[in-house]
Amino acid sequence: MDKDTINILCKEYNINPKVIDYVNRKEELIKDKFHKIQEIKEYNQLKVIYSMQKSRLSSTDFNWTTGYGYGDIGRDKVEEIYSYVFNTENALVRPTIVSGTHAITLTLSGLLRPGDEFISITGSPYDTLQKVIGVKGDIQGTLLEYGIKYREIPLNNGKIDIEKVINSITEKTKLLLIQRSTGYSDRKAISIDEMEIAINKIKQHNKDIIIMVDNCYGEFVEKLEPGDVGADIIAGSLIKNPGGGLALTGGYIVGKTNLVEQVANRSTAPGLGKDCGLTFGTTRTTLQGLFLAPHIVAEAIKGALLVGIVYKELGFEVIPDVEDDRSDIIQAIKFNSPDRVIEFCKGIQEASAVDSFVTPIPWDMPGYEEKVIMAAGGFVDGSSIELSADGPMREPYFAYYQGGLTYEHCKLGVLVSLNNLLNNSLIDKKKLVY
Ligand SMILES: *Cc1c(COP(=O)(O)O)cnc(C)c1O
């Protein structure tokens, strides 16, 4: 790190020189891993550009319509491009899908009928989905209330328990849900390789079962996506990876045509499907974001590695480990204390370009059971492809770090948060020096 940069960090950010020196030294340990990240990024960048060219994307596609939204060419192009990128027959990509939870909910409720059963085969799903299903909380309109049956099969040593899944399927089982990313749990992401093996084996026994993937935070981390290895339908959020930090809102569902159409019927109305729905001028930023997404995801992964090595070497368990292959952008740090989670998140917030003066505190966030602290000083509200960190206030007090539009910003986040922990005597000072 350049002398002038160190000067700014000391003078403007009041960062302890020991922290700067420590982070710079640890950074050296991960630099050899950047090469592989670069290779994946290069591949994915070409995939995205090629998909745009194949759809004959044109400058006139960025206009939008009003009213019913018939004949919105830009909207149709966005969906065509998404289906090429994710290697699926069809896609529904809309600004009116408000979040990842909404995209997943639309998919489940579009495909399942009363009496059908679905099984989460990667253990308990993401917190907000537990409310959607109806296994947590006391909410009306859940899937259980609609007569849909639900079971979960825990992971076995962090892997999908394929034998158990196959033996658990009955004639009522219509859909299996795979959550690719860690979520608020203590397991690694499910890799595309592992997904492929599981899907192949399951389909050998039950060729008609629908395999659905919650792809949140997984996009562009590997060269392949779930659609490349046989997943039937995939859902995610545009204010995470595929929005590249530029998409202002939205969600996507990609998959087999007959499935996407059922979901579209649920999202508008049977008979209207994908043909209606405004894009409100979002097409341009949605595609600009998709264009940048492979690059942004690579920056975020480098940031996750830096956080990982910095806290691993201070003695904390980090998931995934620095040496592990990655399939999402999340870096979990097991902090074992609420104070560390809070001070870490405060540091990430302080390092943000937007709302750096705001102090995040744990709050009753809609959709979550425990209080959650969220550090998110994003240009787009709630965008977690931007530098962000969060964690539910429960044992064993994990902080989940993700995003960062530039690696340099990630590094500032690491420096400020570590400095915060040091100033509050929440780390072992001796470990910062040789
Ligand atoms: C973020 C996330 C969701 C939900 O997305 P929101 O946009 O926050 O509603 C679902 N599943 C996983 C694994 C996630 O990371």
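Residues numbered from 1 in each chain as written. Predicted model: local features only at pLDDT ≥ 70, side-chain atom pairs only at ≥ 80, totals over all residues. Heavy atoms only, no water.

What follows deals with the environment of Gly227. Of note, Gly227 is situated in the loop between strand S5 (210-214) and strand S6 (233-237). Accessibility expressed as a relative area gives 14% for Gly227, which makes it buried. When the C-alpha positions of Gly227 and Leu432 are compared, they lie 44 Å apart, and in sequence the two are 205 residues distant. If near-sequence neighbours (up to four positions away) are discounted, Gly227 is found in contact with Phe86, Asn87, Thr88 and Ile234. (Helix = DSSP H or I, 4+ residues; strand = E, 2+ residues; numbered from the N terminus. Buried < 20%, exposed > 50% of the residue type's maximum accessible area, 1.4 Å probe, protein only. Contact = heavy atoms within 4.5 Å.)

By the criterion of burial, strand S1 (residues 90-94) is predominantly enclosed, with 5 of the 5 residues buried. By the alternation rule, side chains of S1 split into Asn90, Leu92 and Arg94 and Ala91 and Val93, which are all buried. The pairing of S1 with strand S7 (residues 251-255) spans 5 bridges and is classified as antiparallel. Across the sheet, Val93 pairs through a bridge with Tyr252, a residue of S7. (Pairing = 2+ DSSP bridges.)

To continue, consider the sheet that holds strand S3 (residues 149-152). Taken together, 7 strands build an open sheet; the order of strands is S1-S7-S6-S5-S4-S2-S3 and the sheet is mixed. What marks the edges here is a single partner per strand, and that holds for S1 and S3. Along the sheet, successive strands turn relative to each other by an average axial angle of 15°, direction set aside. Pairing geometry for strand S2 (residues 117-120) and strand S4 (residues 173-179), over 4 bridges, is parallel. Note on S4: the bridge partner recorded for Ile119 is Leu176. Taken strand by strand, helix H9 (residues 257-267) contacts S1, S5, S6 and S7, and its axis lies near 30° from that of S1. (Axes fitted to C-alpha atoms, helices over the stretch in contact; angles between N-to-C directions.)

Buried accessible area, meaning the area lost when the parts come together, often serves as the stated size of an interface. Taken as a whole, the chain is organised into domain 1 (3-42 + 291-432) and domain 2 (66-280). Facing the 36 residues of domain 1 at the interface are 35 residues of domain 2. For the pair domain 1 and domain 2, the two sides together bury roughly 2800 Å², of which 62% comes from carbon and sulfur. Together, Ile40, Ser327 and Tyr368 form the three largest contributors to the area buried by domain 1 at its contact with domain 2, with a combined 21%. Summed over the shared surface of domain 1 and domain 2, the number is 3 salt bridges. Here Asp324 ties to Lys188 by a salt bridge, and the two come within 3.9 Å at their closest N and O atoms. Of the residues belonging to the side of domain 1 that touches domain 2, the class tally is 20 nonpolar, 7 polar and 9 charged. (Domains from an automatic or database assignment. Buried area = accessible area lost by both parts, 1.4 Å probe. Salt bridge = Lys/Arg side-chain N within 4 Å of Asp/Glu carboxyl O. Nonpolar A, V, L, I, M, F, W, Y, C, P; charged D, E, K, R; others polar.)

If you look at the biggest cluster of nonpolar residues, it comprises 132 residues, and the most contacted ones within it are Tyr82, Phe118, Ile202, Tyr311, Phe344 and Leu418. Ranked by the residues each element gives to this core, the list is headed by helix H10 (residues 283-312), at 14 residues. The residues that make up this core include at least three from each of domain 1 (3-42 + 291-432) and domain 2 (66-280). Those residues in contact with Leu418, other than ones at most four positions away along the chain, are Val19, Tyr22, Val23, Val310, Tyr311, Leu314, Ile427 and Leu432. (Core = buried A, V, L, I, M, F, W, Y, C linked by side-chain atoms within 4.5 Å.)

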